[in-house]
Amino acid sequence: MTHGTDGSDSTYGTFGNGGTSRTESEPHYNLKMFGEIVKTFRKRARLTQEQFAPLVGYSLETVASIEQGRRLPPPDFAERADSLLDAFGVILAAAKHLKRRKGLASWFRQWALLELGALSLYTYECRLIPGLLQTPAYARRLFTDQLPPLGDEQIEAQLAARLERQELLRNRPNTAFTFILEEHLFLRDLGGEEVTRELIDHVLDLSELRNVDIQIMPLVRHHHAGLDGPMQLLETPEHQWLGYLEGQEHGQFISDPKVISALQMRCASMRSQALSLDDSKGLMRHMRGAR
């Protein structure tokens, strides 16, 4: 399970097994996403392409081509643009995705790019501990149990990609990460008691970060707004909200405001139904001590 999908501009863009319903190639699609990120930060700096081009040291035509996703940026472009536009490392990080990265599902790359610049990221999960919170041992168990089976190199590549993505929590201190996790995810003992004990310790450590809120939805709840399944919501630098839903063999990237509004209502309701931050930590400590 990849715990991440890519998406499209449609309300529900569905992709599976690395395939897509798009006609454009994957590298071209990633170039377009990189171009959009550069354009967003350029506009944030209140610069036109004509003003930005000489400052970054490239022609207007080159800048326009990069922003339109029609060409790869020169080797030093991302570093220059990131510094000039005060982009908090987002442009540099996004540039890493321009090359095909082993271990990162093709349908997840758009969401991964959006995460790099997100102001807020909300996650509700009822199937497994979210990728951003997993320990190496827990993630390795997921990859080892995957069917059809993965080869050793595939497992290591996916593990490396997951651990790299987790750097977001500490490298993006101005991004607010909110997680709502079902209690049974810890009680399942996936990987055994030692793996679960390490996992709880790890999640508790992350919950101490100022930009990370983790709430537990207890086993018994008479009201639950998340019974339709896991979800993620993301706020862009332009304060646009986007969503992502994941199934067994596909992901859905959501931009329709009506659907986003419904997901936001459900997420807000679940935050009130879940345990408070302090009570959630107390429950995790209790589960940790019971092992």
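Everything numeric here is computed off the predicted structure, so don't read it as measured data.

Reading guide: rules and limits
- Residues numbered from 1 in each chain as written.
- Predicted model: local features only at pLDDT ≥ 70, side-chain atom pairs only at ≥ 80, totals over all residues.
- Heavy atoms only, no water.
- Helix = DSSP H or I, 4+ residues; strand = E, 2+ residues; numbered from the N terminus.
- Contact = heavy atoms within 4.5 Å.
- Areas by Shrake-Rupley, 256 points an atom, 1.4 Å probe, with all protein chains shown as cover.
- Axes fitted to C-alpha atoms, helices over the stretch in contact; angles between N-to-C directions.
- Parallel < 35°, antiparallel > 145°, perpendicular 65-115°, else oblique.
- Patch = residues over 30% accessible without salt bridge, like charges linked within 9 Å, V, L, I, M, F, W, Y side chains within 5 Å.
- Salt bridge = Lys/Arg side-chain N within 4 Å of Asp/Glu carboxyl O.
- Core = buried A, V, L, I, M, F, W, Y, C linked by side-chain atoms within 4.5 Å.
- Buried < 20%, exposed > 50% of the residue type's maximum accessible area, 1.4 Å probe, protein only.
- Pairing = 2+ DSSP bridges.
- pLDDT = per-residue confidence, 0-100.
- Polar contact = N/O pair within 3.5 Å; in protein donor to acceptor, adjacent residues only side chain to side chain.

Visitor: Can you break down the overall build of the protein chain residue by residue, with the values?
Guide: Secondary structure summary: the protein chain contains 13 helices and seven strands in total. For the protein chain, contacts bridging at least 24 residues in sequence account for 74% of all contacts bridging at least 6. Carbon and sulfur atoms make up 51% of the accessible area of the protein chain, which totals about 14,100 Å².

Visitor: Requested: an account of the packing of helix H2 (residues 49–56) against helix H3 (residues 60–67), with residues and values cited.
Guide: Taken N-terminus to C-terminus, the directions of H2 and H3 make an angle of 110 degrees; their axes are 8 Å apart at the nearest point. With respect to their mutual orientation, H2 and H3 come out roughly perpendicular. Counted together, Gln49, Glu50, Phe52, Ala53 and Val56 of H2 and Leu60, Val63, Ala64 and Glu67 of H3 form the full contact between these two elements.

Visitor: Before we move on, could you go through a nonpolar patch on the surface and cite the residues and values that matter?
Guide: Residues Leu187, Leu219 and Val220 make up a contiguous nonpolar surface patch of roughly 290 Å² in combined accessible area. With respect to the helices, strands and loops of the structure, leucine 219 is situated in the loop between strand E4 (212–217) and strand E5 (231–235).

Visitor: How would you sum up the nonpolar core? Please name residues and give values.
Guide: Ranked by size, the top nonpolar core spans 61 residues in total, and within it Ile91 and Phe186 carry the most contacts. The contact partners of phenylalanine 186, leaving out residues within four places of it in the chain, are Ile129, Leu181, Thr196, Leu199, Ile200, Val203, Ile216, Met284, Met287 and Arg291. Within the second largest apolar cluster, 13 residues are counted, among which are Leu233, Leu245, Val259 and Ile260.

Visitor: Can you tell me about the environment of lysine 96, naming the residues and giving the values?
Guide: Its location among the elements puts lysine 96 in the loop between helix H5 (90–95) and helix H6 (109–116). On the accessibility criterion, lysine 96 (51% relative accessible area) is exposed. Put simply, lysine 96 and phenylalanine 34 are 62 residues apart on the chain and 9.8 Å apart in space, counted from C-alpha to C-alpha.

Visitor: An account of the pairing of E5 is needed here, citing residue identities and associated values.
Guide: The buried count for E5 comes to five of five residues, which makes it a mostly enclosed element. The alternating pattern of E5 places Met231, Leu233 and Glu235 and Gln232 and Leu234 on opposite faces, both of which are buried. By the bridge criterion, five bridges tie strand E2 (residues 120–125) to E5 in an arrangement that is antiparallel. Counterpart to tyrosine 122 in the pairing with E5 is leucine 233. As judged from the four bridges shared by E5 and strand E6 (residues 241–246), these two strands associate in the antiparallel manner. By the bridge assignment for E6, leucine 234 is matched with leucine 242. Here E5 folds back onto E6 in antiparallel fashion, the turn holding five residues, of which histidine 239 has a positive phi close to 65 degrees.

Visitor: So what about the confidence of the model for the protein chain? Which residues, and what values?
Guide: Per-residue confidence for the protein chain gives a mean pLDDT of 86; residues scoring 70 or more make up 87%. Within the model, pLDDT remains below 50 along residues 1–27, and this stretch shows 97 contacts once partners closer than five positions in the same chain are excluded.

Visitor: I'd like a description of the side chain of asparagine 211, backed by residues and values.
Guide: Tracing the sequence through the fold places asparagine 211 in the loop between helix H11 (193–206) and E4. Take asparagine 211: its relative accessible area is 10%, and that puts it in the buried class. For asparagine 211, the side chain forms a polar contact with the main-chain oxygen of threonine 175, separated by 3.3 Å. With near-sequence residues (within four places) excluded, asparagine 211 lies in contact with Leu169, Arg172, Pro173, Thr175, Ala176 and Phe177.

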